[in-house]
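Each chain is listed here by its residues.
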Amino acid sequence: MKAHSRIAAAALAALLSQPALAADDCTRIPDAPTLTDFPTLPASIVKDPAMEERIARIVAGMTLRQKIGQMTQPEIQSITPAQVREHYIGSVLNGGGSWPGNRKQATVADWLALADAFWDASMSTDAKVKVPVIWGIDAVHGNNNVLGATLFPHNIGLGAAHDACLLRRIGEATAKQVRTTGQDWTFAPTLAVVRDDRWGRSYEGYSELPSITRAYAREIVLGLQGTPQGASAKVPGVLATAKHFLGDGGTERGIDQGITRASRAELANIHAPGHIAAVQAGVQTVMVSFSSWADGASGKPIKMHGNESLITGVLKGRLGFDGLVVSDWNGHGQVPGCDDASCAAAVNAGIDVFMVPQKWRQFIDNTVSQVEKGTIPMSRIDDAVTRILRVKMRAGLFDAPKPSQRAGAGKADGLQDRDLARQAVRESLVLLKNNGRVLPLARDKKVLVVGRSADNLPNQTGGWSITWQGNENTNADFPNATSVLAGIRQALGDDKVVYDLSGRGIDVSQFGAVIAVIGEGAYAEGKGDVPTLANPFESDLSLLKRVSGKGVPVVTVLMSGRPLYVTPEINRSDAFIAAWLPGTEGQGIADLLFRKADGSVAYDFTGRLSYSWPKSACQTPVNHGDGKSPLFAYGYGLTVKDAKDLAPLDEVAGPASCD
Ligand code: GLC
């Protein structure tokens, strides 16, 4: 066995031999082990001595400005390729809703042309050794900024699927989609363990418990990056990002970028298992959380972007992470005494790459002078640049051609994964009620489809879809997508389907069933924070009052980024499905609504809640094991074989805001 394959075999053995994660067994979702503290782990990828020597030589030959340029990540609307060359920029990003030429309709060719321009610029600096630039993008449920891409269900729905093997396949598909447009790095997966569903990013989490998040983290990272191979343990896919380190899903009242008050052991046991698994799977980048951590009831909140103990002490120390740590969008600017253009404290805390969308010039100048004054030791800068170069070399970028010349770039169907996404939709649906076993419906009767989300692709795909918030789009922005209504029409034929948004003035009795598709709109981050878990659209309930009680079964499909208090809506439905944010493949819902033509069951429901469902609008936080009694418990989900009907539920009028 050659030396390099011995190293690779050792690396893989080291990676897979960890007691925490069984080798390559995606069919199981074991409970997360109980930790007394963060574990001390061996490096998940054995360093390649030759690579490390090469890196050291390059770093030794770099000027301070070249080093700080490597640590700076501007947004593509604020920097030109010429400036990437002039300032030795190491990476760029496009934020949600930012496209080449700032055109939503940018084509694959436009994405590739800009990626090539940045690459060419980085490879034509006057540095002794040219260091290729890398481009980070939020491909968090498919390559969701790009027109026409297949979008998978958001993570909350994938959590309900309880299928870690599916996540490996979604990771592989997402890597393919990202390669198609020429990026090297996706800011995914989000590994938040969500404890209060008022948080606007609840749908970006897989679950309220760490077990699913931990099992999924390994699979999605290996799917995105590929398994470390070869002497330099190259990651053949795209770079993945474990985010947001640490405790983003635990903030008080679910306030985005708020304070997570937890003991160190709670932090380790609830919020860290996904990150630990990602590190063990060889994740090459970790993004820091905007949130603060307060150690226990009396601890002083410390912004994660300035927390050296957790970033350097735990992540880089105990967990042995040897990739790069990236800040979130000007997150360093929230550290006391800092602003978007200057934060020695965040550099010294252990952040290696700074996402400085606009003020990147000032950041470079300020950081150079902070090193020259000794506020930041050169050893910290050299460590950061060493990590950046290590990640780029492991990604094979020093030997790669420009983005448009790489395997998969520009492939016509590179953005399409419709069958896989449709399967993911099917597996994500949770059947909460099925009285009289009305589902699956026969195909021989006409159906009336109503509701605000039946033919609304922005509602169906949610935030991080074409744009950041996802709510500035129309169906025309999703040319390759299928709405729930279109999926039902494909299943039954147009002649059997009548659609009406409100159901007003329609004689329901002429139909075999009513299908009501209701729910939240699209939102992202703090703009999705809510004061209670009440359904924000009262029109949903008035719609159901209008069409129910007519002797025709009502099947309600809820699109939402979180569990909601919808007991009144459930009471006025014969069947009720939690569909989360299913993405572009609405046919996946029709697949489970109808029997086959011969009357047999086509697909049964397999989804089970990965979040507890609240009994009232203010029963939050409510999580498995907290002693509270939710309306539907973690793990709940019916199949069409379950014969037990749901009795009428107590309806609890909620206040305008909780606590
Ligand atoms: C956002 C998000 C982060 C994302 C980054 C770049 O603020 O917090 O998840 O990756 O900015 O878009």
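Thresholds applied
Residues numbered from 1 in each chain as written. Predicted model: local features only at pLDDT ≥ 70, side-chain atom pairs only at ≥ 80, totals over all residues. Heavy atoms only, no water. Near = heavy atom within 4 Å. Polar contact = N/O pair within 3.5 Å; in protein donor to acceptor, adjacent residues only side chain to side chain. Nonpolar A, V, L, I, M, F, W, Y, C, P; charged D, E, K, R; others polar. Helix = DSSP H or I, 4+ residues; strand = E, 2+ residues; numbered from the N terminus. Expected span 1.5 Å × (residues − 1). Buried < 20%, exposed > 50% of the residue type's maximum accessible area, 1.4 Å probe, protein only. Contact = heavy atoms within 4.5 Å. Phe/Tyr/Trp six-rings, centres within 6.5 Å; stacked < 30°, edge-to-face > 60°. Lys NZ or Arg CZ within 6 Å of the ring centre and 35° of its normal.

As recorded in an unreviewed UniProt entry, the protein chain goes by Glycoside hydrolase family 3 protein and comes from Piscinibacter terrae.

A.B. asks: I would appreciate a short explanation of the site of the ligand in the present structure.
C.D. replies: Near the ligand there are 13 residues, and of these Asp138, Arg201, Lys243, His244 and Asp328 occur at the shortest range. Separating an oxygen atom of the ligand from a side-chain N or O atom of aspartate 138 is a distance of 2.6 Å. In this structure, aspartate 328 approaches the ligand through a side-chain N or O atom, which is 2.6 Å from an oxygen atom. Among the residues forming the shell around the ligand, the class breakdown is seven nonpolar, one polar and five charged.

A.B. asks: What is the right way to read unusual backbone geometry from this model?
C.D. replies: Only a minority of non-glycine residues have a phi that is not negative, and only a minority of peptide bonds are not trans. Lysine 243 connects to histidine 244 through a cis peptide bond whose omega is -5°. Tracing the backbone through its elements, the reader meets histidine 244 in strand E5 (residues 241-245). Cis geometry marks the peptide bond from threonine 620 to proline 621, where omega comes out at 5°. The backbone phi angle of histidine 162 is positive, close to 50°, even though this residue is not glycine. Topologically, histidine 162 is positioned in the loop between helix H6 (155-161) and helix H7 (164-181). Look at glutamine 257: it is not a glycine, yet its phi comes out positive at around 65°. Along the chain, glutamine 257 turns up in the loop between E5 and strand E6 (259-262).

A.B. asks: Is there a simple way to explain helix H5 (residues 108-122) in this structure?
C.D. replies: Since there are 3.6 residues in each turn of an α-helix, residues three or four apart along the chain are aligned in direction. In a regular helix each residue adds 1.5 Å, so 15 residues correspond to 21 Å; H5 covers 21 Å between its end C-alpha atoms and thus fits that length. When we look at burial in H5, the residues that qualify are Trp111, Leu112, Leu114, Ala115, Asp116, Phe118, Trp119, Ala121 and Ser122. Structurally, H5 contributes buried residues whose contacts are with helix H4 (81-86), strand E2 (91-94), strand E3 (134-137) and H7.

A.B. asks: Before we go on, may I ask you to explain the side chain of asparagine 269 in this structure?
C.D. replies: In this fold, asparagine 269 is placed in helix H9 (residues 264-271). Taking relative accessible area as the criterion, asparagine 269 reaches 18% and is therefore assigned buried. A distance of 2.6 Å separates the side chain of asparagine 269 from the backbone nitrogen of leucine 35, its partner in a polar contact. Residues in contact with asparagine 269, not counting those within four places in the same chain, are Pro33, Thr34, Leu35 and Pro210.

A.B. asks: Would you mind going over the packing of aromatic side chains with me for this structure?
C.D. replies: In this description, an aromatic ring pair is defined by two values, namely the gap between the centres and the angle between the planes. Applying the stated criterion to the full structure yields eight aromatic pairs. Taken together, a centroid distance of 5.8 Å and an interplanar angle of 85° make the contact between phenylalanine 118 and tryptophan 135 edge-to-face. Of this pair, phenylalanine 118 sits in helix H5 while tryptophan 135 sits in strand E3; the two residues are 17 residues apart in sequence, bridging distant segments of the chain. Of the two residues examined, phenylalanine 118 and tryptophan 135, each falls in the buried class. Relative to tyrosine 216, the ring of tyrosine 206 lies with its centre 4.9 Å away and its plane at 80°, an arrangement referred to as edge-to-face. With a gap of 10 residues between them, tyrosine 206 in the loop between strand E4 (185-186) and helix H8 (210-225) and tyrosine 216 in helix H8 connect regions that are remote in the sequence. What makes tyrosine 206 buried here is its relative accessible area of 1%. Overall, tyrosine 216 belongs to the buried group, its relative accessible area being 0%. Its end group placed over the ring of tyrosine 603, arginine 426 keeps NZ or CZ at 4.1 Å from the ring centre. Across from the ring centre of phenylalanine 537, 3.4 Å away, lies the NZ or CZ of arginine 452, which sits over that ring.

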